[in-house]
Amino acid sequence: MGASFFGARVVRLEDAALLTGRGRFTDDIRIPGTLHAAFVRSPFAHARIGGIDAAAARAMPGVIGVWTLADLPEELRGKSLLLLLPNPAISQPLMPTVLAGDEARYVGEAVAVVVAETRPLAEDAAAAVIVDWDPLPAASDARDALKPGAPVAHSGTENNIAARFVNAYGDIDAAFVRAAHVVREDILHHRGGGHAMEGRAVLAHHDAEESRTMVWSATQAPHQVKRNLIGLLGWDENEIDVIAPDVGGGFGPKAMFYIEEAIIPLLARTLRRPVKWTEDRREHFLCASQERDQYWNVEAAFDAEGRLLGVRGTMIHDNGAYIPWGIVSPLISSTTVPGPYVLPAYRLETTVALTNKVQVTPVRGAGRPQAVFAMERLMDAGARALGLDAAEIRRRNLIPADLMPYDVGLIFRDGKPVTYDSGDYPRCQAEAEALAGYAGFEARREAARAEGRVIGIGIANYVEGTGLGPFEGATVRIGPSGKIMVASGAAPQGQGHRTTMAQLCAEKFGVGVADIEVVLADTTAIAHGVGTFASRIACNAMPSVHLASIDVRDKAVRVAAHMLEAAEEDIELEGGKAFVRGVPEMALTLGQIAHAVAGTPGYALPPGLDPGLESTHYFSPAAAAYCNGTHIAEVEVDVETGHVTILRYVTGHDAGRLINPLIVDGQVQGGVAHGVGNALFEALHFDAEANPLTTTFADYIIPGACDVPWAETVHIESPSPLNPLGVKGAGEGGTIPAAAAIVSAIEDALKEYGARFPYVPVTPSDIVGAIAAAEA
Amino acid sequence: MKPAPFQYHAPKTVADAVALLAAHAGDDGRILAGGQSLVPTMAFRLARPAHLIDINNVEGLDCIAEAGGRLCIGATVRHAAFHKPVTAGPLGALLSAVVRHIAHYPIRQRGTFCGSLAHADPASEWCCVAAALDAELVARSARGERVIQAAAFFDGAMTTTLAEDELLAEARLPLLPEGTKFGFQEFSRRAGDFAIAMALVAFRVEGGRIADARIGIGGAEPAARRIAKAEAALDGAAPGKDAFAAAADAAAAAMDPMEDVNTSAGYRRDLVRTLVRRALEDAAAA
Amino acid sequence: MTEKTDITLTVNGRDFAVTVEPRRTLADTIRDDCGQTGTHIGCEHGVCGACTVLLDGEPVRSCLMFAVQAEGREIRTVEGLAADGALSPLQQAFIDNHALQCGFCTPGFLMLATGVLERDPDIGEDELREVLSSNLCRCTGYQNIVKAVKSAAATMKAGR
């Protein structure tokens, strides 16, 4: 048997092409004769559309046509986009039509599309489409939107409540009656957006000869795009192929199905010419999903020793104008609060508000950073109330390892109980503390103080449900060429799936990682797929690759044994060949074996075997696999300018067994960078009329090379019992507790001022203001 | 986000450039120098000039020369030209210290000194330099040439007193006397971002007393300017903590700061105090 | 003229005769007219740096220049970094240090760092970080990019 690649720091198969300009992102794909689309978008957050005059635009040079909702096929006009994840708690399942008809409900909502010979000409014409706008009062701040008499986000509705639900267990009232200490936090958590460096993009090409429409989309979920197209356009499933080629980052927003993904294929088929739309950065700020605001009013009850008795409160979630992903983000928030702690009683009432802003769907972390921030603020407040160290109060509440698996008492978004499958939370915190030199911090603080520097330390824990089902499949196939091919519905945007899948497959056949061809994100390559989001690929797709590889290997051995007239147990696979142990000249290439079972007229298959050297598995985990971790941030605060420097950043990280630590470390580091952005920089501002104020990278700041610390990581590998590899998801853990840890560290640095930051991002202006307020 | 169409002109001489500007100024003709501020606004179609007069090929505008006690900086001299000192005296060192705060390395390869002044962004480092050092700004037009003092040049955010047919052909900075000490401090949320506030200070010490104090503040108000009251707090005083604090307080008190969603006026005022003090400390320590 | 003009662009040593409107940016022209799609467009307002190319050896934002301004200049893009199929030390260092994830911003970082290292291979870490802060990456958190550029600088110096 060849090398084992599981757990090795294998460099990536993806890199060479991307480093030499041979990456193939959607906008890089050139098909001669391609037309270009530009959208006419609402300049108002809420406005009635009196009429649209596109006559001048249609007459402009290079313009092929302009379409409003009224110009689209009749069967499409009345159809709303599919609400992907319905839930009984949703009282107003409001979804848009592909173009706005009577009214626009956020700035950037598309009301018409122009197709022209070039993008600049399409933009020229889009600017010449005259829309008769009648501005309406807008719902902006989610709290105000829920007040009686507030302007409604959708004309004709009664109120702005999209959903209301309660997550609870235990006797919460008794917990607060018994409490020795009660602490309260009123929190505004702003999550910002995904802001992948590549915007969205769609290219569609209709092959009239084959009557098939090829769609390339910068999506995290091509199979889902295909299902939506079938549902919306009524096309036969054999008439559509969807491919996500190289995708330049996703972070959640590209997991949505967007109106452009419906319109561009429709126009390509209508016009019988390829049509492309590439989102520009301004459109991304206006139209791509965001996660934005949650308002938490929560309190925690502690006993005299600092043990949690209960947490209760309310939360308002701003979901924007539509709810394509239902209530997934707020539901995850609500079920994430207990985290790694023994929490005997819990009650959170959540209201999901409709506002005149672009829709909210999950962004890396998906509601968890907000919940962790709320819980960790409460833990810090508890520590202050009890005079305990921040790490100590957490230590007293962590779920002991011997209680695993641990049933929290809540139902997760997949309808299954929140049951932590494995993990050693006390060990994880202890190892992170050791790496961070937590115990020695007060000495460092004193030394810094002597130099006139102000430093602080912060700690935050989290538990994250990953590996959401229902499945992600993989086909492993060896054809007569002998090439080993893996196909999966996974649709990566930088996670290195190709490499990790090749690792799992190659080791079964005694070949190198580069010998495996991996085909991803292509609806023709595998029948069913879900997509790459929710840290789900490791737990779903990787076991499928593993199991399918074993099947194909076993079959290859059986066929080889039959052909070589040897016993199966004497067959070895190495270097792309099967041979009889000790008799290397008695060998067959994998290609010869594949050829033998590929079906040659007149030749019988070995008895009891299906044709083809191929196997498909759709692994379906029984439940979510729960990751956990501890983040510790050490910061310096310039009390005059409010500048925060992150001196050191340590993560204790448990994502089960690691297939490729090089890649996992990269995910953690990148996730922390996003969390730094959430803590210190990233804010999507809207005015009282819900006009977006941050629509460029100059206004919306994402962290740069000078702002992100090295995330020193200690991995604890608690295998998940829920899949044959023992893996858990690793894509979001870097982000989830980062804002909580950093803000905790800032508060710690400024503890002599009693500065509190129950919100993110914390700006230099906020810090100086808080110090001034304390000194006043 | 593609720019709206425009007519492109690439004159080779200043005379041709100003003639083209005279011909097209009324029709929203604009000068294109480095383009690092103009092109983004065109991409957003916030600016839709009908004519762009590209001066990058105009002979003679790319030169830096010393004349009459002044450093003369032509209209197409890029920020990157100042990475290394362009003159041996204090001014060369000052410009090198400031330039690394301007945007980012690739932007500095294209953006120009004079373009920055003509664009007059409140957060422009060069505007702060020009104001603090009393730059002379040479405007050329088909009508002739005039020299505008920096104090009369900046006229609020993104606004100057250049007429629409005038090209800022050259900026002249005083070659500061030997022994001039300087300090520059700016604060932005992230390296290379637009500054929230900045302070440029320069002074000499004669017989233990500060002389020729200059304090320029940028970023905090719509336009960069010298702060006379703060300078007065320095001139004649012994360099040190007390004088620096007095000047910093005076500068902060003189501010009428801008406000935005992330930054309160009070914060900007506090920042000015801190930056002036730190710039003075840097200058004294140099 | 708003009419199209004929210009010749020299990209990676190869001449491309193209016909462009004056408003066409260098970035669009390199991608669409010269077919060199390795240069990416991430923001079109000069902040993200994905479109960074070398213009006469210096890194510039190709979205902030018009193609008509680049005639007669030497343009280098990511497609020109590997010589005869051999990756440059910087490209190899990006693989070895896992300095890319989605790879969209990568060409911009490669051109930025190539321009800077060619000019100053002895650049210090703080200055290097400041230069690298010119471009945005949403995937990596930058640490591995900094490591890769430092490692490439060492390789390049050893090879001098």
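Residues numbered from 1 in each chain as written. Chains lettered and ligands numbered in written order. Predicted model: local features only at pLDDT ≥ 70, side-chain atom pairs only at ≥ 80, totals over all residues.

1. Points about the domain arrangement of chain C
All names here are of chain C.
So, point 1. Domain boundaries in chain C define domain 1 (5-80) and domain 2 (89-158).
So, point 2. Inter-centroid distance (C-alpha atoms) of domain 1 to domain 2 is 21 Å.
So, point 3. Listed per partner, the contact involves 17 residues of domain 1 and 13 residues of domain 2.
So, point 4. Those elements giving two or more residues to the side of domain 1 that touches domain 2 turn out to be β3 (52-55) and β4 (58-61).
So, point 5. With three residues, β3 is the largest single contributor of residues to the side of domain 1 that touches domain 2.
So, point 6. The residue inventory of the side of domain 1 that touches domain 2, partitioned by class, reads eight nonpolar, eight polar and one charged. (Domains from an automatic or database assignment. Contact = placed C-beta atoms within 7 Å. Helix = DSSP H or I, 4+ residues; strand = E, 2+ residues; numbered from the N terminus. Nonpolar A, V, L, I, M, F, W, Y, C, P; charged D, E, K, R; others polar.)

2. Some remarks on helix α5 (residues 143-158) of chain C
So, point 1. Its 16 residues place the ends of α5 of chain C 23 Å apart at the C-alpha level, agreeing with the 22 Å of an ideal helix rising 1.5 Å per residue.
So, point 2. Those residues of α5 of chain C that sit buried are Q143, N144, I145, V146, A148, V149, A152 and A153 of chain C.
So, point 3. The secondary structure elements touched by the buried residues of α5 of chain C are α18 (661-681) of chain A together with α2 (89-96), α3 (106-119) and α4 (125-132) of chain C. (Expected span 1.5 Å × (residues − 1). Buried ≥ 20, exposed ≤ 12 C-beta atoms within 10 Å, placed from the backbone.)

3. What to know about the domain arrangement of chain A
So, point 1. By domain assignment, chain A separates into domain 1 (15-20 + 469-619), domain 2 (31-136 + 201-278), domain 3 (139-191 + 290-398) and domain 4 (412-464 + 626-776).
So, point 2. Averaged C-alpha coordinates put domain 2 of chain A and domain 4 of chain A at centres separated by 38 Å.

4. Some details on the pairing of strand β9 (residues 181-187) of chain B
All names here are of chain B.
So, point 1. With seven of seven residues buried, β9 lies mostly within the body of the structure.
So, point 2. The two faces of β9 match: K181, G183, Q185 and F187 on one face and F182, F184 and E186 on the other face are all buried.
So, point 3. Note that β9 and strand β10 (residues 197-206) share seven bridges and pair antiparallel. Bridge pairing links E186 to M198 in β10. (Pairing = 2+ DSSP bridges.)

5. Remarks on the interface of chain C and chain B
So, point 1. Each side of the interface is counted separately: chain C has 24 residues, and chain B has 23 residues.
So, point 2. If you list the elements that add at least two residues to the side of chain C that touches chain B, you get β4, α3 and α4 of chain C.
So, point 3. When residues in the side of chain C that touches chain B are grouped by element, the largest group, four residues, is from β4 of chain C.
So, point 4. Of the residues assigned to the side of chain C that touches chain B, the class counts are ten nonpolar, eight polar and six charged.

6. A few points about the sheet that holds strand β6 (residues 136-141) of chain B
Residues and elements named next belong to chain B.
So, point 1. Read across the open sheet, the five strands follow the order β4-β5-β8-β6-β7; overall the sheet is antiparallel. For this open sheet the edge positions go to β4 (64-67) and β7 (144-149), each flanked by a neighbour on one side alone. Direction aside, neighbouring strands of the sheet carry axes that sit 25° apart on average.
So, point 2. Across five bridges, strand β5 (residues 70-74) lies against strand β8 (residues 167-174) in antiparallel orientation. (Axes fitted to C-alpha atoms, helices over the stretch in contact; angles between N-to-C directions.)

7. So, the interface of chain C and chain A
So, point 1. Listed by partner, the interface residues are 44 residues for chain C and 41 residues for chain A.
So, point 2. At the level of secondary structure, the elements contributing two or more residues to the side of chain C that touches chain A comprise α2, α3, α4 and α5 of chain C.
So, point 3. At four residues, α2 of chain C tops the list of elements feeding residues into the side of chain C that touches chain A.
So, point 4. In the side of chain C that touches chain A, the residues fall into 21 nonpolar, 16 polar and seven charged.

8. Observations concerning helix α4 (residues 119-128) of chain A
So, point 1. Taken across its ten residues, α4 of chain A has eight buried, putting it largely inside the fold.
So, point 2. Contacts from the buried residues of α4 of chain A go to β1 (35-41), α2 (55-58), β3 (63-68) and β5 (110-116) of chain A.

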